[in-house]
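Remarks on the overall topology
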Amino acid sequence: MSAVALPAARAVVAPASVWPLARIEALRYARHPLFLTGLAAALLAGAGEHGPIELDVQVIPSFFIGVLGVVVGARLTASTRRSGPVVDAAPTPVTSRTLAMCLACAVPALAGLLVVLVHHAFVLVSPIPEWHYGTYGALDRVLVTMVVPVIASAGGPLLGVAAGRWLRFPASSVAVVVVLLGWSTAGGYGPEQWMSDPGSLLARFLHAFSPYAAWGTGTLGAPGSESSEVLTSVVSYTGSPIWFAVWAVSLCVLAAAAALFRGSAGRARSRVVLVTSAAVVVAVAALVMSATHGNPQLYETNPTGTHPIEGASP
């Protein structure tokens, strides 16, 4: 019997970087019809003086790109289930595939930035009166109108990736959207508009404890009058936009960590747990600082000046 020498089998090595995968996922995201529809709607609603008052213009990209991005992120993440056996046999670990999907959420973040820049261009051409910004200074204005909506544009899709990894029942992404909208509405607007004392510590914490926080509301002239379409006053809400931005970023990190935890093992899982622990600490600190700093109560601003609103909500 003669021995036949066979070539040594080479070990299959996973790709050294997730960037090629991230580029593929980014292209898939950029081509998704719901994302393209949301981007077009956000650009249309944010152009010129359409939509809400300037302090709440962040709601446009936050909804059309961030909230709709929950569905996009979940569907793209869950779409690999149909080819599960083939994908699982690939040398790339599941955590790398999830990380690639999280990195692809840079696409909606850039889309949100585009929307706020287009809106800001219209504002530069036709400046808004200073008092329309209420009590907020230059840095707070940038955060409220340009930074926070970009964070929300990325946060929704990251939450969608986590939902796609963990939830398997039909219409799960729609259920997440409903919960997200309810939480954002109750926390973002509720304490200032429905609670008897919006300046109480509880009300300020409820306002900060939300993935989306409104920072002001406006009052128009009496219906039927010449000023019915003219802003007559602005109410500034409680809290610190700076610390809320840190809180919002922490929520994004936690959403990504939740997605990466699914299917992780060994050293990868340990790293995810470490990042999660750090993000929780930062989130708690930012929540406390956001609720206890900034405006301690509501303030009303009109062309003649600013005055605090005592007691009941407006």
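In case you missed it, the structure is sitting above this.
Residues numbered from 1 in each chain as written. Predicted model: local features only at pLDDT ≥ 70, side-chain atom pairs only at ≥ 80, totals over all residues. Heavy atoms only, no water.

Along the chain, the regular secondary structure elements total 12 helices and four strands. The burial tally for the chain puts 47% of its 314 residues in the buried class. In the chain, 77% of the contacts between residues at least 6 apart in sequence involve partners at least 24 apart. Summed over its atoms, the accessible surface of the chain is roughly 15,700 Å², and 70% of this surface lies on carbon and sulfur atoms. (Helix = DSSP H or I, 4+ residues; strand = E, 2+ residues; numbered from the N terminus. Buried < 20%, exposed > 50% of the residue type's maximum accessible area, 1.4 Å probe, protein only. Contact = heavy atoms within 4.5 Å. Areas by Shrake-Rupley, 256 points an atom, 1.4 Å probe, with all protein chains shown as cover.)

Attention shifts here to the environment of L287. Along the polypeptide, L287 turns up in helix α12 (residues 266-292). The class of L287 is buried, set by a relative accessible area of 14%. Look past the residues within four positions of L287 in its chain and what remains in contact with it is F205, A208, F209 and W247.

What follows concerns helix α3 (residues 59-78). With 20 residues, α3 extends 27 Å from end C-alpha to end C-alpha; this agrees with the ideal 28 Å at 1.5 Å per step. The largest bend along α3 measures about 40° and falls at G69. Within α3, 15 of the 20 residues are buried, which leaves it mostly tucked inside the rest of the structure. (Expected span 1.5 Å × (residues − 1). Bend = angle between axes of the 7 residues up to and from the residue.)

Quick look at the sheet that holds strand β4 (residues 305-309) now. Note: strands within a sheet are paired through backbone hydrogen bonds, in either parallel or antiparallel orientation. Spatial strand order, β1-β2-β3-β4: four strands in an open sheet with antiparallel pairing. Each edge of the open sheet carries a strand with a single partner, namely β1 (216-220) and β4. Looking at each pair of strands side by side, their axes are set apart by 25° on average, direction ignored. (Pairing = 2+ DSSP bridges. Axes fitted to C-alpha atoms, helices over the stretch in contact; angles between N-to-C directions.)

Turning to the nonpolar core, a few remarks are in order. With 55 residues, the main nonpolar core has Y29, F35, L55, L158 and F244 as its most contacted residues. Sorting elements by how many residues they give to this core places helix α11 (residues 241-261) first, with eight residues. In this structure, F35 is in contact with Y29, A30, V72, V107, P108 and A111, ignoring residues within four places of it in sequence. In terms of nonpolar packing, the next biggest core, distinct from the first, is built from eight residues, V71, A163, V177 and L180 among them. (Core = buried A, V, L, I, M, F, W, Y, C linked by side-chain atoms within 4.5 Å.)

Right, let's get into the pairing of β4. Sheet analysis places strand β3 (residues 298-302) next to β4, joined by five bridges and oriented antiparallel. Among the inter-strand pairings, Y299 is bridged to a residue of β4, identified as P308. Count of turn residues in the β3/β4 antiparallel hairpin: two residues.

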